[in-house]
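# Coordinate inspection notes
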Amino acid sequence: MKNLHEKDKRYILNTYNRSDLIINKGEGSYLYDIDGNKYLDMYSGISVNNLGHDKGIVEAMINQAAKYMHLSNYFVSEPVVNLAKLFVENTFASKVFFTNSGTESNEAAIKLCRKYGKQFSENKYELLSAYNSFHGRTNGGLSLTGQEKYQKEFMPLIPGVSYFEYNNIESLKEKVNENTCGLFLEIIQGEGGIVEISQEFIDEVVKLSKEYNFLVVIDEVQTGMGRTGDLFAYEKYNFIPDVVTISKSVGGGIPLGAMLVSEGVEGILKPGDHGSTFGGNPVSCACGEYIMDKLVNTNLCEEVKQKGDYLIRELNNLKEKYPNVIKEVRGRGLMIGVDVGEYANTIKQIAQEKKVLLNSTSNTIIRLLPSLYITYDEINEFLTIFKEIIACCNG
């Protein structure tokens, strides 16, 4: 195990900046390395392990795998239907298309938007997305991602995509026209630094979508599945999207995503228009069914709101004490960004030495995405160590 990093570099394409840790197991909100050291996991596989390292997910996986691991999508499958039913009964959705990842969910939505537009005009194929957004790394997802640093080495991307400034109504109005078929929007920009949409901007999006007849696609890949204290982050804003794309925590650690569609657009894609070999894998969907049951049939989402309020309040108290280090605290529920400027990497490194695992984004933001099951004792454990680190950075 000690030379695993060497083998990783030898055999795996080096597209990731690996941590120097080698993880042996996970339990609850903690990860353990091969030397038995215990780390508080404050980013849950970047919002994938939303129930932490939960043994119930493992049991659901084993039970389904014992029956069958995979069926072609030519066959119906009980766990797949059960999970789709849970989404339809607990969301705006009329139908569900299952995928393996967030970027695949957005690819499906691109196709749906463009086929929708073609009903009205051959030229109605243009897509809109926000600057500083992140919608995935496939060609379509990357085209929607309004960050040049991810795009520039892979140009040209798919045509017909324009970008507006997030939360800037005038910028949006300048880009919308009669050829717009779809608008992709994150309720909270995750990779963009935990920045939340305004009610005024959402209202304008809805108004323009009716005026110019385009679909509103809400990317909830990171914000969905209880992360913000609601099942989906858009629920706060009193509107109904045409499409919601999800993944990350849908399978609790097993690859699974979905495109949720409203009744008005459920008939756009016909048999043969789209598909996926592994999308809606029965084992993945059995795990998803377990997770959705916890989110909709317990008080977990309300607990997330309360824990998030407590954590944000304590972080803001720390900001008042150390304003030179903490510039701003942003977020909702257990999706929180702490703007620490140039201290981000230092804080991340010291935290690991103190047995807390933190994620950073935009080079300045400590992004907190702990398990939704994190306890108040564990939150306080994080806060104690984080306060020590911030005090150290303050000098």
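Here the residue index of a chain counts from 1 through its sequence in written order. In view of the model being predicted, local features appear only for residues whose pLDDT reaches at least 70, and side-chain atom pairs are presented and counted only at 80 or more, with totals across whole chains, interfaces and linings using the full set of residues. Here the side-chain values reflect all heavy atoms present in the structure, with hydrogen atoms and water set aside.

### Regarding the side chain of Ser249
Segments assigned H or I by DSSP are reported as helices when at least four residues long, segments assigned E as strands when at least two residues long, and all are numbered from the N terminus. Along the chain, Ser249 falls in the loop between β11 (243–246) and β12 (257–261). Only heavy atoms enter the contact rule, under which two residues are in contact if any of them lie within 4.5 Å. If we skip the residues at most four places from it in the chain, Ser249 touches Ser47, Val48, Asn50, Gly224, Met225 and Ile291.

### Let's talk about unusual backbone geometry
Put simply, Met155 and Pro156 share a cis peptide bond, and its omega is 0 degrees. Here Pro156 shows up in the loop between α7 (148–151) and β6 (161–164). Even without being glycine, Ser47 reaches a positive phi, approximately 70 degrees. Of note, Ser47 is situated in helix α2 (residues 44–47). Ser47 gets classed as buried once you look at its relative accessible area, which sits at 0%. For every residue, the accessible area obtained with a 1.4 Å probe (protein chains only) is divided by the maximum for its type, and the residue is called buried under 20%, exposed over 50%, and partly exposed between those limits.

### Some words on the pattern of salt bridges
Note on definitions: salt bridges are taken to be side-chain nitrogens of Lys or Arg within 4 Å of carboxyl oxygens of Asp or Glu. Here the structure, examined in full by the defined rule, presents 15 salt bridges. The residue Lys387 makes a salt bridge to Glu314 at a minimum N-O spacing of 3.8 Å. Here Lys387, found in helix α13 (residues 376–394), pairs with Glu314, found in helix α11 (residues 300–321); they are 73 residues apart in sequence, far enough to count as distant. The exposure class of Lys387 is partly exposed, given its relative accessible area of 34%. Judged by its relative accessible area of 18%, Glu314 falls in the buried class. Three or more residues are tied together by salt bridges with common partners; here these are Glu196, Asp230, Lys236, Lys305 and Arg332.

### Some thoughts on the pairing of strand β10 (residues 215–219)
Burial of β10 is extensive: five of the five residues sit out of reach of the surface. What you see with β10 is no split at all: Leu215, Val217 and Asp219 on one side and Val216 and Ile218 on the other are buried throughout. Pairing between two strands is assigned when DSSP locates at least 2 bridges connecting them. By the bridge criterion, five bridges tie strand β7 (residues 180–186) to β10 in an arrangement that is parallel. Paired with Gly182 across the bridge in β10 is Leu215. Note: β10 against β11, three bridges, orientation parallel. Directly across from Ile218, in β11, lies its bridge partner Val244.

### Focus: the state of the cysteines
Count a disulfide wherever a pair of cysteine sulfur atoms falls within 2.5 Å. Applying the stated criterion to the full structure yields zero disulfides. Between Cys301, a cysteine without a disulfide, and Cys287, which holds the nearest cysteine sulfur, the sulfur-to-sulfur distance is 19 Å. We classify Cys301 as buried; its relative accessible area is 13%. With no disulfide of its own, Cys392 has Cys393 as its nearest cysteine by sulfur position, at a separation of 5.7 Å. Look at Cys392 and you get exposed, because its relative accessible area is 55%.

### Considerations on the packing of aromatic side chains
Ring pairs shown here join Phe, Tyr and Trp side chains whose ring centres sit within 6.5 Å, with only the six-membered ring taken for Trp; geometry is labelled stacked below 30 degrees between planes, edge-to-face above 60, and tilted in between. Scanning the model with the defined rule gives nine aromatic pairs in all. Between Phe134 and Tyr150 the ring centres are 5.3 Å apart and the planes differ by 70 degrees, which places this aromatic pair in the edge-to-face class. Of this pair, Phe134 sits in the loop between β5 (126–130) and α6 (139–144) while Tyr150 sits in helix α7; the two residues are 16 residues apart in sequence, bridging distant segments of the chain. Look at Tyr150 and you get buried, because its relative accessible area is 15%. Ring centres of Tyr234 and Phe239 lie 5.8 Å apart, and the angle between their planes is 70 degrees; this geometry places the pair in the edge-to-face category. The exposure class of Tyr234 is buried, given its relative accessible area of 6%. Its relative accessible area of 12% is what places Phe239 among the buried residues.

### Description of the sheet that holds β6
Read across the open sheet, the seven strands follow the order β4-β12-β11-β10-β7-β5-β6; overall the sheet is mixed. The sheet is open, and its two borders are formed by β4 (95–99) and β6, each paired with just one other strand. Across the sheet, the mean angle separating the axes of adjacent strands is 20 degrees when strand polarity is ignored. What counts as an axis is a line fitted to C-alpha atoms, over the stretch in contact for a helix, and the angles between N-to-C directions run from 0 to 180 degrees. Seen against the sheet, helix α5 (residues 102–118) touches β4, β5, β7, β10, β11 and β12 and runs at an angle of roughly 155 degrees to β7. Contacting β6, β7 and β10, helix α9 (residues 199–212) crosses the sheet at an angle of about 165 degrees to β7.

### Re the environment of Thr99
Mapped onto the elements, Thr99 comes out in strand β4. Separated by 177 residues in sequence, Thr99 and Ser276 place their C-alpha atoms 6.7 Å apart. Apart from residues lying up to four places away in sequence, Thr99 is in contact with Glu104, Ser105, Leu256, Gly257, Ala258, Gly279 and Gly280. Side-chain polar atoms of Thr99 contact the backbone nitrogen of Ala258, separated by 3.5 Å. Polar contacts, as counted here, are pairs of nitrogen or oxygen atoms within 3.5 Å of one another; within protein the pair requires one atom able to donate a hydrogen and one able to accept it, and residues that are adjacent in sequence qualify only if both atoms are side-chain atoms.

### Section: the side chain of Glu220
Following the sequence through the fold, Glu220 ends up in the loop between β10 and β11. We note that Glu220 is buried and unpaired, the nearest opposite charge coming from Arg332 at a distance of 6.9 Å. Looking at Glu220, its side chain comes within polar contact range of the main-chain nitrogen of Ala233, at 2.9 Å. For Glu220, the contacting residues outside a window of four places in its chain are Ile187, Phe232, Ala233, Tyr234, Val244, Thr245 and Ile246. Residues scored as positive are Lys and Arg, those scored as negative are Asp and Glu, and His as well as the terminal groups of each chain are ignored.

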